[in-house]
Every structure is written in structure tokens, then in C-alpha cells.
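# Survey of secondary and tertiary structure
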Amino acid sequence: MHTRRDFIKIGSLGLGATALTGGVANLVIGASSTKSTGTGLRKVPTYCEVCFWKCAGWAHVTPDNKIQKITGHADDPQCNGRLCPRGTGGVGMFSDPDRLKRPLIRVIKNGEQTYREASWEEALDFIATKMKEIAAKHGPESMALFNHGSSGKYFTHLLNAFGSNNVAAPSFAQCRGPRDTGFELTFGESVSSPEVTDIRDTRCLVLIGSHIGENMHNGQVQEMSEAIDKGAVIITVDPRLSTAASKSKFWLPIKPSTDLALLLAWIHVLIYDDIYNKEYVAKYAEGFNELRQHVKNFTPEWAYGITTIKPELICQTAREMANAAPSTIIHPGRHTTWYGDDVQRSRAIAILNALLGSWGNRGGIFFKEGIKIPDFPRPEYPKPAWSWQQTLNGRYPFAKEAVTNTIIEASIPAPGKEHMIRGWIVSGTNLIVAVPLQKQLMQAMQSLDLLVVVDTMPMEITGYADVVLPECTYLERHDDLRATPHREPTLALRMPAIEPLYDTKPAWWISKQLGERLGLGAYYNYKDFKEVLDWQLKQVGSSLKEMETIGLKKLPRKSPVYIEPGADYKFKTATGKIQLNSKELQEGGFDAMPVYKPHPQPEEGFYRLIYGRAPMHTFSRTANNRNLVALMPENSVWVNPQVAELWGLRKNQHVWLKNQDGVISNFSVKVRITERIRWDSVYIVHGFGHHHKPLTYAFGRGVNDTELITRVITDPVMGGTGMRGNFVTFLKTEPKKAKV
Ligand SMILES: Nc1nc2c(c(=O)[nH]1)N[C@H]1C(S)=C(S)[C@@H](COP(=O)(O)OP(=O)(O)OC[C@H]3O[C@@H](n4cnc5c(=O)[nH]c(N)nc54)[C@H](O)[C@@H]3O)O[C@H]1N2
Ligand SMILES: Nc1nc2c(c(=O)[nH]1)N[C@H]1C(S)=C(S)[C@@H](COP(=O)(O)OP(=O)(O)OC[C@H]3O[C@@H](n4cnc5c(=O)[nH]c(N)nc54)[C@H](O)[C@@H]3O)O[C@H]1N2
Ligand code: SF4
Ligand SMILES: [Mo]
């Protein structure tokens, strides 16, 4: 369309300032069957969308249609009746005055690119016409989707029906991809979400970086405190004294990037001190002799020189794990794209779990069970002529899901490029903050024929769209049933607590409207999503009516939670056995067993940039949520006192961070001087430092780690982008530079 896609600041256009069209004022929804509480409040079932743990709960709605509060569902094993601070504050997503209010289309006015408001008809017609043009010229495969969260499913359906399966998410290649791949290669399956870790009944929990408590995945945090109350030993490996580390019997303040050496030393101790679970390994694992040979020289003394963790401590913690086995969990982590050898680190974690006999035992890793929700009747999807696998160009042979980076790469034209992406739909992901390959991302976005962003907020990504589609928030819509497998199968319903504010629409509706315009009406054989939900629920012995009243339904398990005594369990690997020595990896040209390889360390005056979560925020998703901004308005940079002294830094002083490539943070950040961080690293919480002015609350608060992550180390096994190989130094005065 345009030769260049200028970044447009939506808020500066004075759009959407008109009165509400729907919603609070003139609300009528057929929620008569939802629960009345006797206080005049209606309780409407929902599940939370503030993060992806998806706690089931209730929106409490007043007679004049205000959401008074949101509470957890007492029967939900993922939240046990309690929401985390973010879930409680979720209503702030709905009431945010900065929300996107109506569709916007990029136009040129007085020679400048800007947005103008459009009707849904116009916006949808525009997109459908462009998609048809792209398909006619390059094939339907040239449309790609980036997504995160509930809405992604409807656009995946749209693209699949259109003839493309180029569907990617940062929650794979920038998050859990390496862990899933490492566990699949070892046990034949991944640990899912919610993770199948039996933390509630564990006797020893080992956290490698996982900062549970700051990583606020609800049920998991609750289970960890339950385990602590029951006397479980917690061992936390983290260069920072995280909340979890502060609750641990052992804190191992490891030199960052060296975890694999520690893991190999633990494997060594378990095997050579003869304290591994021999019976389990003999029965369920293969490759033990090779593993034994492999780790022969990886002694605690060897690891000490690399990790700075004392040999006695390595031995002592290994014994703790063995004493508690098989009720021991070496936590697989979740955000695992750290150093580019992350599949191998995840493999080492998986191997440790295998040696302890955790998988399939109480207090280790349980067998999940869920309810399979059938697809609403639809025609078969067409078979695409090519798919995301072709964008790998022979790299990353163990990528099980599309890799964001290669889809982005495929969107940059180059002579002779065969598999080209020409159009994007981006739903529920702020790629500008989530994907570290910013240069490539910008280049790709400038080259597209179509860029559609579906979002609830004017986040950075929306400023690059040709068309912005405002979705209503989770409190204003129906969505797919939550049927995540867990210890017990459950079903949870999300329905609108109130009618959508402004001119916003649910993603299921947007997808259907686009589908119909693209001649794909047969894939949307319903008028309202309620028909889909009711049909699906009836297939599994419930109904929409029932779920509107109860919100969540538990169903009985059909299979055991753990391996039963005397039973013979087959793992989902090719041979049915746990793969200690991975032939698959070997055949793919990789190390069959993990090998520690040193990583670059900071130069003098630079510190490793590490990042993580804060309990009251979810990435950039909540950065503008008034309820949560009140709890934590900005991030700070954690600096060790030794370093602060060296640099003459004071508490709360504002500094700018500059990385190894000379990139300087957009904004300044407060210094937090604390012994809780190693001297060789600094720490910031991800999700701050927004430069998009329409985010009135989030704008300019703190620094954004992503802009300082200009170096990534891509995992050759599955394409994950290791993001912790960046180093920063401090600037004490405001640097002269062009502001965004
Ligand atoms: N530098 C750095 N990068 C990271 C990380 C990091 O820690 N540091 N973390 C990585 C990890 S673990 C992950 S999982 C990814 C996550 O990164 P993303 O996939 O980007 O996840 P979110 O920040 O949750 O997505 C935010 C977008 O969803 C929009 N949104 C919120 N609710 C809705 C809704 O109901 N409908 C629609 N359509 N949109 C909605 C928000 O307004 C926002 O634009 O980032 C990864 N990238
Ligand atoms: N409140 C809240 N909770 C969340 C989220 C959120 O946005 N907000 N996001 C959710 C999502 S999508 C994800 S993926 C998870 C991510 O959360 P996790 O998977 O638990 O954590 P990571 O991001 O891998 O790691 C962060 C921790 O690693 C430490 N660390 C840094 N470098 C190293 C190292 O070299 N070695 C070791 N051992 N540790 C190191 C940091 O100090 C920090 O404590 O959180 C989830 N939970
Ligand atoms: S953990 Fe918190 S934010 Fe995440 S789904 Fe549950 S209540 Fe919502
Ligand atoms: Mo994640």
C-alpha cells in the first residue's frame, strides 16, 4: 500500500472522544440465567485474560451494570477461589479510558499518514479485499498470523480456512519453546500449561531461574506455599535473591549463563554417588550407560570453577533431591529462551527429573487429563501449498510450532525468495515489545501489503497497522470453553458480564465477518457464538444454560494420576522409554546429551542485563491498567551495592542504560541498590518503558528491556531467541539522542 508505513500515534488524533455507543449506559444482555447473589449483584462466569493461566471466576455486576469486582471460582483447581492481584485488577482493562474505541484505517492527509475512524463494514471490506488480492497474487499462504491469548484461535481458524497455517506466537520462540522441545525429546511430551508439576505434594522443589511468586501463575504459587507449609525443601538457583529464593532452604546465586554446568554436575553426583532412582531408570529409561560415561568429568569441582557454586553445596543439594525422590521436581521453567543453548539446558533438567523418577510419581510430575471439546461442524481446511516449515529453510529441525523469527524473515522481500509472506494479522501480541529482533521486525512491517492489528489498547504495534480493529475486553465477550487439562478435567465458561463499550467487537465476530467476506461462510455455520458453545457443551454432557449458572464444571478422571504400583507405563517417545541419550538429536546433528559451552561475559564496566516479572503486572498488557499502575508504576534497575559504590550511584537516582552495541534506553530508570543481585548483573522487570503516548499511564515509565536486547543467540534446535546475552552500562546524565 504505502511505500513506508509511518508510525502513527493514535492518541494524538483526537479520535474516539465521543460518547459511548453501547455498554454501561444502555445495557441489555440476556444474562437472566447467571447467578443472582441476593445482594442485587449478578455473578457472571468468566475466566481471566490478564495472563494465560486462565483462572476461572465471577464478574460481580451491579443492577446498574457496573462491574463491582471479579473473584475466583471456588471449584477451580487453577485458582482455588482466589485470583492474583492482576486478576482482581482486571476490571481496569475494561474501564481503561485509553482503550481502542472504533476501527481505524491508515490514510494520507495533507501528505502525512494518519488514521481515520471507519465503520466495521468499511474496515472489514478493506481487509477482505486486500487478503483476496494477496491470495490472487501470491497464494493464501502469504497471509500470516501472530497471536497470543484467547482471540488467536478465531484468526487461526480464519487463516486455516483461507489456506494458510503460518500462525506464530512469541509465547513459543520467545518463551516456552526450548522447554517444550527439550521435554518432548526426553519424555515424549511437554509439561503443558498449566504445568503438570505436582508442587502441592512435592518434598523437594528445585527452581532454575523460575521465579514463582513474582511469576504469579496462580495455582502454582498457591501450591508452592502449601508445599513449604508441609516442609518441602526448596532449592533456588538464581543470580538474584528472588521472592522464591528468599523462601528457599538453599539459594544458589549462580553466575548467569552457567546453569548447564551445574545441572551436569548434579547429574554426575546422582550417578557417581549412586543416589539416583535405579529401579525407575532401569525400567523406564534408555541410554543410561552413555549418560554415565558422558558426565564422568563433570564433577562439582569442575562446575565450581564455572558457576561459582561451592562443590559441597552442589553435593548437598543433590542429596536433598535424592532423599525426597521420587517426590522431587526440577522445575522445567517457562520462559526458557535465555542463552541459545536452551533446549540442551531443558534436556538436562528433564534428565535430572528422569534420574529421580519424578515423571508419573506423586510430588513429581502428574499425568494430566482434560476434556476434548469437539470442533463445531465445518468443512475440511484446504491443504496449503506450503507452510511455516518452509520458512525454516532447513534450520531448527525440532521446532514443533511456527517460529516468529522465520515468519518475520519471510516477510522481508529478497530476490529469489520462494516462500513469501505479504500480509499479517496481529492479535493480542505487542510484537514491538515481545520480539527482540527489532530491525528485522521493522523491515518486515515496512514491506507488507497488509498489516491488521486486533487489540484492545493503543499499544506500540497498533501504530504500524493499516487497519486497527478494536476488540472488546474479556469481560464483554463470549470465548472458547476453557478445557485445560489438569489433575481433574474441568470446563469453564466465559460470557459477557456487560455489553461491549464503544464500537468494539469480540474476535469470534470479527473472524466470522472476515470469513464471510472471503467466501468462507461454510466455516462459520452459526449466527452467534453461543450456538457453538451450546453445541460443544452438549457433546460433552453439559449445556450453555448449565454453564451460565455454574461457571465451572468438574468431570471425573478416567485414568490414574500417577503410575500405579506394578503397572508398566509407556512414555510417548518412539521406543516408549525416556531418552537419556537422544538419538533424534544426534541424527539431527546435535549433541545427544547436553554439553556445557561457555558464553560471552560482560566487559569491564558492563553488567549482564537480566529481566523477569513483577507480581502485579503482565508484560506490557497491564502497563496502562490504572488499578495495577497504582501498585507498581514503573520498574527500577537492581544494582549490587559494590557496583553502586564503584559508579557513585545513589538510591532512586535516575540513570539511562546503554548496551554493548551503543543502544541507549529511551527513558531513564530509578536505581535500586540491593544485595539481592550479583555484582556482575543488573535486573529489570519486563513490560515498562512504553514510548506510545496514547498509553497515558504507561508512557515514559521505566525502561524497556527489549530495546536493549539487540543481540540474540538463536537456539539451533528449535529457533528460540536467547535474550540474556546483552550487557549494559550506566549513563548518569541524559544522553543527547533523537527521541522516538
Ligand atoms: N524483552 C523481553 N521480551 C519478551 C519477554 C521478556 O521477559 N522480555 N517475555 C517473553 C514471553 S515469556 C512472552 S509469553 C511474550 C509475550 O508477549 P506478547 O505475546 O506480546 O504478550 P502480551 O504482552 O500479553 O500481549 C500484549 C498485547 O495483547 C493485547 N491484549 C490484551 N488483551 C487483549 C484481548 O482481549 N484481545 C486482543 N486482541 N488483544 C489483547 C495488549 O493490549 C497487548 O498489545 O513476550 C516475550 N518477549
Ligand atoms: N506476574 C506475572 N507473572 C507471570 C507473567 C507476567 O507477565 N507477570 N508471565 C508469565 C509467563 S508468559 C512466563 S513465560 C513466566 C516467566 O517466568 P519464569 O519462567 O519463572 O522465569 P524466567 O523469565 O525464565 O526467569 C526469571 C528469573 O530468572 C533469573 N535469571 C536470569 N538469568 C539467569 C540465569 O542465567 N540463571 C538462572 N538460574 N536464573 C537466571 C532472574 O533473576 C529471574 O528471577 O511468567 C509467567 N507469570
Ligand atoms: S494468575 Fe492472575 S492474571 Fe493470571 S489468569 Fe489467574 S488471576 Fe488472572
Ligand atoms: Mo511466556
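Above this note sits the structure.
So, a few notes on the structure that sits alongside this text. (Residues numbered from 1 in each chain as written. Chains lettered and ligands numbered in written order. Predicted model: local features only at pLDDT ≥ 70, side-chain atom pairs only at ≥ 80, totals over all residues. Heavy atoms only, no water.)

In the vicinity of ligand 1, 32 residues are found, and the nearest of them are His148, Ala434, Asp455, Glu471 and Arg621. Between ligand 1 and Arg621, the relevant distance is 2.5 Å, taken from an oxygen atom to a side-chain nitrogen or oxygen of the residue. Expressed as a share of its isolated accessible area of 920 Å², the protein-covered part of ligand 1 is 98%. If you list the elements that add at least two residues to the shell around ligand 1, you get helix 5 (170-187), helix 16 (431-434), strand 15 (450-455) and helix 24 (705-708). Per-element accounting of the shell around ligand 1 gives the leading share, 4 residues, to helix 5. Taken together, the residues of the shell around ligand 1 break down into 13 nonpolar, 13 polar and 6 charged. Each of domain 1 (1-188 + 372-559) and domain 3 (607-738) contributes no fewer than three residues to the shell around ligand 1. (Near = heavy atom within 4 Å. Polar contact = N/O pair within 3.5 Å; in protein donor to acceptor, adjacent residues only side chain to side chain. Areas by Shrake-Rupley, 256 points an atom, 1.4 Å probe, with all protein chains shown as cover. Helix = DSSP H or I, 4+ residues; strand = E, 2+ residues; numbered from the N terminus. Nonpolar A, V, L, I, M, F, W, Y, C, P; charged D, E, K, R; others polar. Domains from an automatic or database assignment.)

Quick look at the site of ligand 2 now. Asp238, Asp259, His335, Tyr339 and His617 are the nearest of the 31 residues found near ligand 2. Here His617 contributes a backbone N or O atom positioned 2.6 Å from a nitrogen atom of ligand 2. Alone, ligand 2 offers 930 Å² of accessible surface; in the complex the protein occludes 99% of this. Residue contributions to the shell around ligand 2 reach at least three from each of two domains, namely domain 2 (193-367 + 562-587) and domain 3 (607-738).

Mapped onto the secondary structure, Lys69 falls in strand 4 (residues 67-72). On the basis of relative accessible area, Lys69 is assigned to the partly exposed category, the value being 39%. Sequence separation of Lys69 and Ala59 is 10 residues, and the distance between their C-alpha atoms is 6.1 Å. Dropping the residues within four chain positions of it, Lys69 is found in contact with Trp58, Ala59 and His60. (Buried < 20%, exposed > 50% of the residue type's maximum accessible area, 1.4 Å probe, protein only. Contact = heavy atoms within 4.5 Å.)

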